[in-house]
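# Descriptive analysis of the structure
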Amino acid sequence: MPRTSETKQKIFLAAVDCFAEHGYKASSMRDIANLVGVKASSIYKHFSAKREILAEILDYYRHHFNKYRVPPASVLKAAESKPMTEVIPMLFYTFGTEDEY
């Protein structure tokens, strides 16, 4: 989550939910504002457009994936000694974004 004002964080999280549930194109600034409990015009104090919200969401998750990604050999080694509750997230972050896997 980006370190910003509380309202901007609420908008960010509401947009994630809205985009996930309805898709980016079907989600409007008004839909996001309704989830946050503010007027749609208030969102523009924090984001210039819906596209900017999406860009920030994608940047956040791209950084998050890269931060937790580990080499495949490390996942295999961890699977031998760690509980699956630790291995499964490693699998997701390591292989979940690679087309070849």
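Quick note: structure is the one above.
All of the points below concern the structure found in this document.

### Structural notes on the environment of proline 89
Tracing the sequence through the fold places proline 89 in helix α6 (residues 84-95). Under the relative-accessibility criterion, proline 89 is labelled partly exposed at 36%. In sequence terms proline 89 and tyrosine 68 are 21 residues apart; their C-alpha atoms lie 8.8 Å from each other.

### Focus: the pattern of salt bridges
Tallied over the entire structure, the rule returns 4 salt bridges. In this structure, arginine 62 engages aspartate 59 in a salt bridge whose closest nitrogen and oxygen atoms are separated by 2.9 Å. One end of the pair, arginine 62, and the other, aspartate 59, are both in helix α4 (residues 50-68), 3 residues apart, so they sit about a helical turn from each other. Looking at arginine 62, the relative accessible area reads 48%, which means it is partly exposed.

Reading guide: rules and limits
- Residues numbered from 1 in each chain as written.
- Predicted model: local features only at pLDDT ≥ 70, side-chain atom pairs only at ≥ 80, totals over all residues.
- Heavy atoms only, no water.
- Helix = DSSP H or I, 4+ residues; strand = E, 2+ residues; numbered from the N terminus.
- Buried < 20%, exposed > 50% of the residue type's maximum accessible area, 1.4 Å probe, protein only.
- Salt bridge = Lys/Arg side-chain N within 4 Å of Asp/Glu carboxyl O.

The quantities given are spatial measurements derived from coordinates; they are silent on function.
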